[in-house]
Amino acid sequence: MKISNPADGTVITEVTADNATAVRRKYELARAGQSKWAKVPLKKRLATIAAFRERVVAMQETLARTLTHEVGKPIRQSRNELNGLLGRIDFFLAASGAMLRDEKVFDDQKLEERIVHEPLGVIANISAWNYPYFVGGNVFVPALLAGNAVLYKPSEFATLTGIHIAELLHEAGVPRDVFVPVIGDGATGAALLRQPVDGVFFTGSLATGEKIAARAAERMIKVQLELGGKDPIYVCEDVDIAAAASAVADGAFYNTGQSCCSVERIYVHESIHDAFVRAFVDEVRGYKLGDPMDESTYIGAITRRPQLEILKKQVADAKRKGARLLLGGNIVKRKGNWFEPTVFADVDHSMTLMKDESFGPIIGIEAVADDDAAVDLMNDTEYGLTAGVYTKDERRAKRILARVNAGTVYWNCCDRVSPRLPWSGVKHSGIGVTLSTYGIQTFTRPKAWHLKSA
């Protein structure tokens, strides 16, 4: 399997993909290793993940450079992702003890009722390429702490990063039969899903998520799916226009728009619409597109080449239906996968740009008359991952956000994830939860104990 650099199309290296036989053997290895890992005291498992953290710090620049080379992410943003991983590890190390501890919920001397949190067993962690340390770490860190074995399949577009993760975990003391990398593309992922695992945790497309959910339902195993979004922002008339435009532009174009929670739709109160659009375009025009290894680059390469055609079709559809192109709109003619930062005004919900996930550096801005109109449009989507409001009025923001159907809501911020808060979606954004204390116990099976003295 060839690993290519999306910034210039060159082949970085080749790796051997796991065929169905190899996947089966890796499953059997993990099944045998899990029972031993579950017996390791939590204190030692915590120490092992702490040692993994130390190795990430020591290798941070090498890890960042590898990530940039294989996914096209600007080097500063790769470093940011690794810094964010450290904070997530810190949260899991601090919170897991209380969440995994046995709970005595009733005791009257004759009868005791207790909850014991047992590991699920062997889980499949099918990760994503856009934030492999975030998306993967949200799963494998708490899963390992809870006593599970992990069959970790990195995206084929972030394979080298996945191999680095496995190496560092093994160096830290996680047994090789407890964290087992599974290398390959969709065919390898399909072979992994045919194994009798005890849970599947997946981040990716809706189409693949639906197939995984159907397969998991046959065996009644736990499934968690994060399937993206079409995340809206509403900008009210009382904002500092320049500040709001700068913040929302960053939310839309950071990581070249290739984030599950990137801003993908913007609604602006009609009284400030024109001024906001001017400030927004000025901000985006200042973003540098170029070599991801250049410290000043903000817009990197598109990781998956087929996405260029999706963006091209969204541009053509918006133009055909009357949208006003203010910036960009073209595939960049250079080696690799590149698309210009693109901004449209005068958009509406007849356009695929405002309905279908873009996952690239493109955005539409629509004027709205009032809060009710904004809420109606924000909820007019098959997705429900995140949504945000920019206004100086906290009570107004809370009223609006309470009516928005999304797993995460923001006031005066966007494109933000915290390890202390649950990460989940509604509708086609997925099912299940990672992060927060809920995202620790999701890797356990609660067993109810009724203990009555004779």
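Structure: see above.
We now turn to the structure provided with this report. (Residues numbered from 1 in each chain as written. Predicted model: local features only at pLDDT ≥ 70, side-chain atom pairs only at ≥ 80, totals over all residues. Heavy atoms only, no water.)

### Some details on helix α1 (residues 20-38)
Line of reasoning, step 1. The end-to-end C-alpha distance of α1 is 27 Å, a good match for the 27 Å that 19 residues give at a rise of 1.5 Å each.
Line of reasoning, step 2. Buried within α1 we find V23, Y27, A30, G33, Q34 and W37.
Line of reasoning, step 3. Two or three places before T21, at the opening of α1, N19 has a side-chain oxygen 3.2 Å from that residue's backbone nitrogen. (Helix = DSSP H or I, 4+ residues; strand = E, 2+ residues; numbered from the N terminus. Expected span 1.5 Å × (residues − 1). Buried < 20%, exposed > 50% of the residue type's maximum accessible area, 1.4 Å probe, protein only. Polar contact = N/O pair within 3.5 Å; in protein donor to acceptor, adjacent residues only side chain to side chain.)

### Focus on the sheet that holds strand β14 (residues 362-368)
Line of reasoning, step 1. What the seven strands build is an open sheet, ordered β12-β13-β14-β11-β10-β15-β16; its pairing is mixed. Of all the strands in the sheet, just β12 (324-327) and β16 (408-411) have a single pairing partner and so form its edges. The average angle at which neighbouring strand axes cross in this sheet is 20 degrees, direction not considered.
Line of reasoning, step 2. Running over the sheet, helix α9 (residues 241-253) touches β10 (231-235), β11 (263-269), β13 (342-345), β14 and β15 (386-390) and is turned about 155 degrees from β11.
Line of reasoning, step 3. Strands in contact with helix α10 (residues 273-285) are β10, β11, β12, β13 and β14; relative to β14, the strand with the most contacts, it is inclined by about 165 degrees. (Pairing = 2+ DSSP bridges. Axes fitted to C-alpha atoms, helices over the stretch in contact; angles between N-to-C directions. Contact = heavy atoms within 4.5 Å.)

### Observations regarding the pattern of salt bridges
Where charged atoms from two side chains of opposite charge come close, those side chains can pair.
Line of reasoning, step 1. Tallied over the entire structure, the rule returns 25 salt bridges.
Line of reasoning, step 2. For E61, the salt bridge is made with R79, and the minimal N-O distance between the two is 2.9 Å. One end of the pair, E61, is in helix α3 (residues 60-71); the other, R79, is in helix α4 (residues 75-100), with 18 residues separating them in the sequence.
Line of reasoning, step 3. For E61, a relative accessible area of 35% puts it in the partly exposed group.
Line of reasoning, step 4. One continuous salt-bridge network, built from bridges that share partners, spans E61, R79 and E295. (Salt bridge = Lys/Arg side-chain N within 4 Å of Asp/Glu carboxyl O.)

### Topic: the nonpolar core
It is characteristic of soluble globular proteins that their nonpolar side chains tend to be buried jointly.
Line of reasoning, step 1. One finds V235 and F280 to be the most contacted residues of the largest nonpolar core, which totals 85 residues.
Line of reasoning, step 2. No other element matches α4, which puts ten residues into this core.
Line of reasoning, step 3. Setting aside its immediate chain neighbours within four residues, F280 contacts A245, V248, A249, F253, I266, V343, I363 and I365.
Line of reasoning, step 4. Grouped together as the second largest cluster of nonpolar side chains are 28 residues, V347, I362, V375 and L401 included. (Core = buried A, V, L, I, M, F, W, Y, C linked by side-chain atoms within 4.5 Å.)

### Structural notes on the sheet that holds strand β4 (residues 111-119)
Line of reasoning, step 1. Taken in spatial order, the three strands of this open sheet run β3-β4-β18, and their pairing is antiparallel. Where the open sheet ends on each side, the last strands, each with one partner, are β3 (103-107) and β18 (444-452). Adjacent strand axes in the sheet meet at a mean angle of 20 degrees when their direction is disregarded.
Line of reasoning, step 2. Here β4 runs beside β18; their pairing, made up of nine bridges, is antiparallel. Bridge assignment links R114 to a residue of β18, and that residue is W449.

### Some remarks on the layout of surface pockets
Line of reasoning, step 1. Here the largest pocket is characterised by a volume of approximately 1000 Å³.
Line of reasoning, step 2. Forming the walls of the largest pocket are 38 residues, and the residues nearest its centre are F202, T203, G204, S205 and T208.
Line of reasoning, step 3. Taken together, the elements giving at least two residues each to the lining of the largest pocket come down to α7 (186-193), β8 (199-203), α8 (206-219) and α11 (306-320).
Line of reasoning, step 4. Considering each element in turn, the lining of the largest pocket owes the most residues, six residues, to α8.
Line of reasoning, step 5. In the lining of the largest pocket, the residues fall into 16 nonpolar, 13 polar and nine charged.
Line of reasoning, step 6. What the second largest pocket holds in volume is close to 460 Å³.
Line of reasoning, step 7. Contributing to the lining of the second largest pocket are 21 residues, with R88, F134, D415, R416 and V417 lying nearest its centre.
Line of reasoning, step 8. When residues of the lining of the second largest pocket are traced back to their parent elements, those giving at least two are α4, α5 (132-145) and α9.
Line of reasoning, step 9. Classifying every residue of the lining of the second largest pocket gives ten nonpolar, six polar and five charged. (1 Å grid on protein atoms, 1.4 Å probe; cavity = no way out; pocket = protein on both sides within 12 Å on 5 of 7 lines; lining within 4 Å. Points joined across faces, edges and corners; volume = space filled by probe spheres on them. Nonpolar A, V, L, I, M, F, W, Y, C, P; charged D, E, K, R; others polar.)

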